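Chain by chain, the residues:
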Amino acid sequence: MTTTAGLAHADTGAARAVALRVLGVLGVAAVAAVATALWLPQFYTATNLNSLLLQASILGIVTLGQALVLLVAGLDLSVAAVMSASLVVVASLSGEGLGGIAVAVLAAVLLGLGVGTLNGVLVAYRGVAPFIVTLGTAALVSGLQLVYTRGAPPGAIPERMRGLTQDGIGVVPWSAVLCVALAVALHVGLRRGTYGRRVYATGTSLGVARRAGVRTDLLLVGIYALCGGLAALAGVVLSSYVGYVDGAAGKGYDLDSVAAAVIGGVAFTGGKGGVLGAALGALALTVVLNVLVLSGIGSHVQLIARGAIIVVALAFIAHRAIKK
Amino acid sequence: MPGITSFKLNSRLVLAVTLAGALATTTACSGDDGGDGGDKASGEKKYKIAYLAQGTTNSWAAQMDAIMDTVAKESGKVDDLLYFDAAGNAETQLGQLESALNQRPDAIILTPLGKSAAVGPVERAMAQDIPVILCASGVDSEDYTTQVAMNTYEASLAQAKWLVNDALGGKGTIAVVDGIAGVDTSEIMGKALREAVAEAPGVEIVQEGYGQFSVSDSKKLSQTFLASGKQIDAWWGSGGESVTGIMSALVDAKPAQMPPVAGATLSNGVLRMSLENDIPLGAMQFPATLAADCFEAAMDALAGEELPKFIDVTAKDGNENIYTEDVAKLYNEEYTDDYIIGSDSILSADQLAKLNLVR
């Protein structure tokens with residue numbers, strides 16, 4: 001009991017810090033929103049907002065999983081490979097019928113859960129560094145995908161799936177609704193009850209959490225499995241968005257999800273941050289890219305500006321963390 | 001019939017999972033291994049050819065490999081085709097080049113994954129009198145036997161001029177989705193377009209960005225271009241993935257009239273999207289049958305023929321650029337989107353089916 005109370009006490013401060021960080025992100029976003037309205041009025045067109053939310057929702061879902069892993073001081077570089085594999089599974093297994101689509105989506109999510117579980121087991125029970133493990137499983141998943149597809153993935157993305165990203169409420173696509181729902185559910189899961197406290201305690205200090213009675217091994221496996229499952233789900237949404245069987249569709253989401261989570265206030269060292277902030281980080285990163293493209297600046301300058309903005313944002317966050 | 005020997009990825013990761021992944025990749029790319037050791041009865045000299053491939057990281061490469069395998073078998077001149085799968089990695093290929101040299105092949109056919117990395121081994125091979133055929137792209141050296149490739153610049157320039165002069169009539173705006181910054185194919189294609197635009201004062205590039213040779217990224221970029229509210233009369237995408245992303249974004253946006261799109265390297269999928277959605281198209285070929293041309297050059301070199309430094313297959317029958325009026329003629333609904341036009345001139349229906357290219 002004493003242990004749980006101690007964890008609860010420590011968590012109150014952490015929760016306050018997270019809330020402040022989220023407010024900070026929202027404040028910066030509000031200022032940016034006003035500046036953007038003045039500079040790029042086309043940013044607020046329905047078409048652009050819809051496109052923005054759609055793209056942010058895909059990054060957002062995979063970032064939620066990445067944020068969970070970062071919270072336990074881990075890292076998952078296999079998410080991009082899982083997303084691509086998920087798209088291939090969807091294309092291969094689903095016909096146009098709803099039953100087939102459901103089976104394909106389930107298979108994709110199970111694949112993600114499986115890869116995540118493998119990551120978790122290797123990290124938690126074998127003590128291998130997450131960077132190495134997940135880089136390895138990324139190669140494994142990509143390799144198996146090539147074995148299966150021989151470079152040319154079979155099947156097609158069913159038209160019925162397109163509604164997930166093509167339809168929605170006003171400018172808000174269903175994929176964004178799904179992303180928000182997942183973020184809220186995970187937030188509640190982390191903030192209410194003991195599970196979240198254990199997650200934060202494990203991320204803050206694995207040894208202390210273990211001594212406090214937290215079954216860190218199982219917890220880590222669960223977190224990595226969840227991350228894999230969310231990456232697969234993001235792959236399903238990506239399938240709906242792309243509408244084309246592209247076996248490398250997930251490329252880039254590994255590092256983008258890490259950047260989005262960290263921009264959203266999740267500490268690279270674990271134990272700090274939250275999933276809502278991470279989701280906002282995904283939105284912020286997508287907004288930056290969107291604004292750079294809308295501004296019409298040259299493609300080379302876009303690359304420089306994108307890199308510079310991410311580096312400055314991360315340096316600022318790191319500076320604040322050191323000051324604390 | 002040649003014996004086919006496959007060489008595993010030289011992965012630098014030590015973890016078992018990584019090795020498993022890498023081995024899996026290689027297994028996928030090893031193709032038919034059922035060689036019978038060569039037709040000794042004919043008495044002709046049989047060659048040992050090292051084929052250093054990109055690796056089946058995409059369907060073009062998979063079709064290249066299958067075609068190389070097929071023509072080597074059908075030629076009756078190859079005793080052993082040493083197949084090296086670089087899995088799209090220039091560093092892996094560098095190690096494989098060294099391994100290939102140790103096998104003392106009669107000739108090397110190399111699809112270079114980097115312009116500079118392969119220079120050393122290529123020059124060493126030449127010093128050992130092993131002919132080196134560069135297939136599809138080049139290296140930063142003049143010391144090789146010949147390079148067999150499409151002339152990307154000329155083929156792109158012709159498409160760009162079609163877009164600027166014919167499709168736009170010399171007046172209008174273009175949005176550009178390039179490939180990857182610094183990658184030769186992307187830069188050459190982009191340069192060709194910009195030169196054509198520079199010669200047409202009425203045409204302006206109003207949006208541009210890198211789609212990373214990814215359908216997904218190219219689509220995101222194109223959607224943002226469309227959302228910018230700028231007038232876009234025509235589109236240029238460097239390569240098949242870029243154009244597929246553009247077309248996919250256009251299909252979702254449902255404009256009253258589809259604008260012309262150019263820059264594609266041709267696949268059945270690009271043709272399908274053009275045909276189904278009435279999108280005017282200009283596209284160049286990047287045929288997988290190039291593998292057969294490379295093999296033929298290797299045989300010519302081994303027969304002692306003097307070869308030019310560059311064998312341009314752009315003008316070869318069937319490799320010419322295609323435009324809107326050719327789309328219906330070339331599209332084949334029996335094949336999947338990944339099928340590269342012309343591959344069925346060498347690969348059988350069974351072989352195409354094994355490559356997941358038949359619906």
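None of the values given here were measured: they were computed from a predicted structure.

Helix and strand content of chain B: 12 helices and 13 strands. Taking contacts inside chain B between residues at least 6 apart in sequence as the whole, the part at least 24 apart equals 74%.

With that out of the way, let us pick up helix 9 (residues 268-277) of chain B. All names here are of chain B. For helix 9, the buried fraction is high: 7 of the 10 residues fall into the buried class. Among the residues making up helix 9, those that are buried are N268, G269, V270, L271, R272, M273 and S274. On its buried face, helix 9 is in contact with helix 8 (240-253), strand 10 (261-265), strand 11 (281-284) and helix 11 (327-330). Phi turns positive one or two residues past the end of helix 9, at D278, with a value near 55°.

Another aspect to go through is unusual backbone geometry. Residue and element names in this part refer to chain B. Even without being a glycine, A87 presents a positive backbone phi close to 50°. Within the secondary structure, A87 sits in the loop between strand 3 (78-85) and helix 3 (90-102). For A87, a count of 26 C-beta atoms within 10 Å translates into the label buried. At N356, a residue that is not glycine, the phi angle is positive and equals roughly 65°. Within the secondary structure, N356 sits in the segment after helix 12 (349-354).

The next thing to look at is the interface of chain A and chain B. The interface is formed by 43 residues belonging to chain A together with 48 residues belonging to chain B. Residue assignment for the side of chain A that touches chain B shows that the elements contributing at least two residues are helix 2 (46-71), helix 5 (130-149), helix 10 (216-242), helix 12 (275-294) and helix 13 (299-323) of chain A. A per-element tally of the side of chain A that touches chain B places helix 5 of chain A first, with 12 residues. Across the side of chain A that touches chain B, the residue classes break down as 19 nonpolar, 21 polar and 3 charged.

Before going further, it helps to examine the packing of helix 4 (residues 98-124) of chain A against helix 10 of chain A. Residue and element names in this part refer to chain A. The interhelical angle for the contact between helix 4 and helix 10, taken along N-to-C directions, is 145°, at an axis separation of 6 Å. By crossing handedness, the relation of helix 4 to helix 10 is classed as right-handed. Taken together, the residues that form the contact of helix 4 with helix 10 break down as 20 nonpolar, 9 polar and 1 charged.

This part takes up the pairing of strand 6 (residues 146-149) of chain B. Residue and element names in this part refer to chain B. Every second residue of strand 6 is oriented toward a common face, with T146 and V148 on one face and Q147 and A149 on the other, all of them buried. Note: strand 5 (residues 132-135) against strand 6, 3 bridges, orientation parallel. Across the sheet, C135 pairs through a bridge with V148, a residue of strand 6. Pairing of strand 6 with strand 12 (residues 310-312) involves 3 bridges; the strand directions are parallel. Looking at strand 12, one finds that V148 is bridged to I311.

Rules of the game
- Residues numbered from 1 in each chain as written.
- Chains lettered and ligands numbered in written order.
- Predicted model: local features only at pLDDT ≥ 70, side-chain atom pairs only at ≥ 80, totals over all residues.
- Helix = DSSP H or I, 4+ residues; strand = E, 2+ residues; numbered from the N terminus.
- Contact = placed C-beta atoms within 7 Å.
- Buried ≥ 20, exposed ≤ 12 C-beta atoms within 10 Å, placed from the backbone.
- Nonpolar A, V, L, I, M, F, W, Y, C, P; charged D, E, K, R; others polar.
- Axes fitted to C-alpha atoms, helices over the stretch in contact; angles between N-to-C directions.
- Left-handed = near helix turned anticlockwise from the far one by under 90°.
- Pairing = 2+ DSSP bridges.

Everything listed is a geometric property; what it means functionally is a separate question.
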